[in-house]
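Commentary on secondary and tertiary structure
Given next are the chains, with one letter for each unit.
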Amino acid sequence: MPLLARLKQLPYRVMRRIAIANRTLFFGCDLASLSHFPCPEGLTVVQWTEDDLRQHLGEENYLDEGHAVWLRDDQAVCFAVMDGERLAGFAWIAHGDVPGEMNHDGHPDTQLPLFLPDDTGFVFHVFILPSYRGRRLYAALMSSAAHQLPNRGIEKLVLTTECTNRSALRSVGRMGFRQVGRAWLIKVGPLCSVGYPEQPFLGGVRTGTYVGDPHERPND
Ligand SMILES: CC(C)(COP(=O)(O)OP(=O)(O)OC[C@H]1O[C@@H](n2cnc3c(N)ncnc32)[C@H](O)[C@@H]1OP(=O)(O)O)[C@@H](O)C(=O)NCCC(=O)NCCS
């Protein structure tokens with residue numbers, strides 16, 4: 001990222017350390033226009049069952065019992081890149097009404113629910129293990145998902161990325177996602193600034209309100 005852009009983000013980066021500050025960018029893409037990235041040789045992408053997931057539960061993979069419940073209840077699907085028996089990374093895709101637990105930066109106040117039309121999936125909780133980063137595995141996961149998701153009636157993807165997550169921004173830009181909105185929640189003591197994308201966006205996506213939003217919106 002150019003130095004000037006980094007300097008512009010400095011106050012926000014400092015704010016994230018001392019207060020609650022989340023600036024999120026929304027990206028969207030039709031599956032048909034997603035750039036195709038093959039899985040590197042020796043690795044494979046699989047759609048996980050609950051049993052598959054259970055073999056990789058653990059803090060080191062950021063996977064717990066709650067994730068198994070999402071699969072069991074068909075609230076989301078999970079695609080994983082495997083290196084033989086070893087996990088290299090995964091990406092989750094939810095549909096329908098997406099609870100705030102699936103869209104946040106780790107702080108409970110930043111949970112932001114989403115409401116999706118039937119043809120749209122929400123990509124979330126993407127994690128590539130550090131030793132596999134930079135090999136376009138996020139893109140390989142999305143290419144594989146693009147083959148499977150039309151079976152579920154999904155033709156578009158939406159995702160959110162924290163605005164300073166350079167690796168994720170480079171990755172989604174390369175795949176062909178375009179920015180379709182932004183949202184923010186900045187809270188310092190009693191002061192709070194909140195913003196949401198114009199709604200609906202990307203052909204029918206709506207957001208709820210941040211859990212930490214103290215204001216009421218006109219349509220609440
Ligand atoms: C963001 C993330 C999913 C990208 O996955 P990926 O498969 O490594 O993506 P790419 O191969 O397209 O690489 C993206 C960028 O990561 C950076 N990168 C490359 N190698 C890297 C490495 N070894 N370690 C860290 N970052 C690296 C590069 O800037 C690269 O872009 P560039 O090659 O154009 O310079 C992955 O970095 C990750 O899991 N990060 C932690 C969790 C996270 O941020 N999830 C996304 C939430 S939206």
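Residues numbered from 1 in each chain as written. Predicted model: local features only at pLDDT ≥ 70, side-chain atom pairs only at ≥ 80, totals over all residues. Heavy atoms only, no water.

Our next topic: helix α4 (residues 65–72). By the burial criterion, the buried members of α4 are His67, Ala68, Trp70 and Leu71. Looking straight down α4, one finds its buried side chains confined to an arc of 155°; they lie on one side. At its buried positions, α4 is contacted by α3 (50–54), β3 (76–83), β4 (86–94) and β7 (120–128). Note on α4: the residue one or two positions beyond its end, Asp74, has a positive phi of about 55°. (Buried < 20%, exposed > 50% of the residue type's maximum accessible area, 1.4 Å probe, protein only. Helix = DSSP H or I, 4+ residues; strand = E, 2+ residues; numbered from the N terminus. Arc of directions from axis to C-beta. Contact = heavy atoms within 4.5 Å.)

Following both chains from N to C, one finds helix α5 (residues 137–148) and helix α6 (residues 166–175) inclined at 40°, their axes separated by 9 Å at the closest point. If you check the angle between α5 and α6, you find them oblique. The hand of the α5/α6 crossing is right-handed. The segment α5 lies against α6, with Tyr138, Ala139 and Met142 engaging Ser171, Val172 and Met175. (Axes fitted to C-alpha atoms, helices over the stretch in contact; angles between N-to-C directions. Parallel < 35°, antiparallel > 145°, perpendicular 65-115°, else oblique. Left-handed = near helix turned anticlockwise from the far one by under 90°.)

Moving on, we come to the site of the ligand. Lining the immediate environment of the ligand, one finds 18 residues, of which Ile128, Gly134, Arg136, Asn165 and Arg170 sit closest. Measuring from an oxygen atom of the ligand, one finds a side-chain N or O atom of Asn165 at 2.8 Å. In isolation the ligand has 910 Å² of accessible area, and contact with the protein removes 73% of it. Every element with two or more residues in the shell around the ligand is listed here: β7, α5, β8 (156–162) and α6. When residues in the shell around the ligand are grouped by element, the largest group, six residues, is from α6. The residue inventory of the shell around the ligand, partitioned by class, reads six nonpolar, six polar and six charged. (Near = heavy atom within 4 Å. Polar contact = N/O pair within 3.5 Å; in protein donor to acceptor, adjacent residues only side chain to side chain. Areas by Shrake-Rupley, 256 points an atom, 1.4 Å probe, with all protein chains shown as cover. Nonpolar A, V, L, I, M, F, W, Y, C, P; charged D, E, K, R; others polar.)

In short, geometric facts, not functional conclusions.
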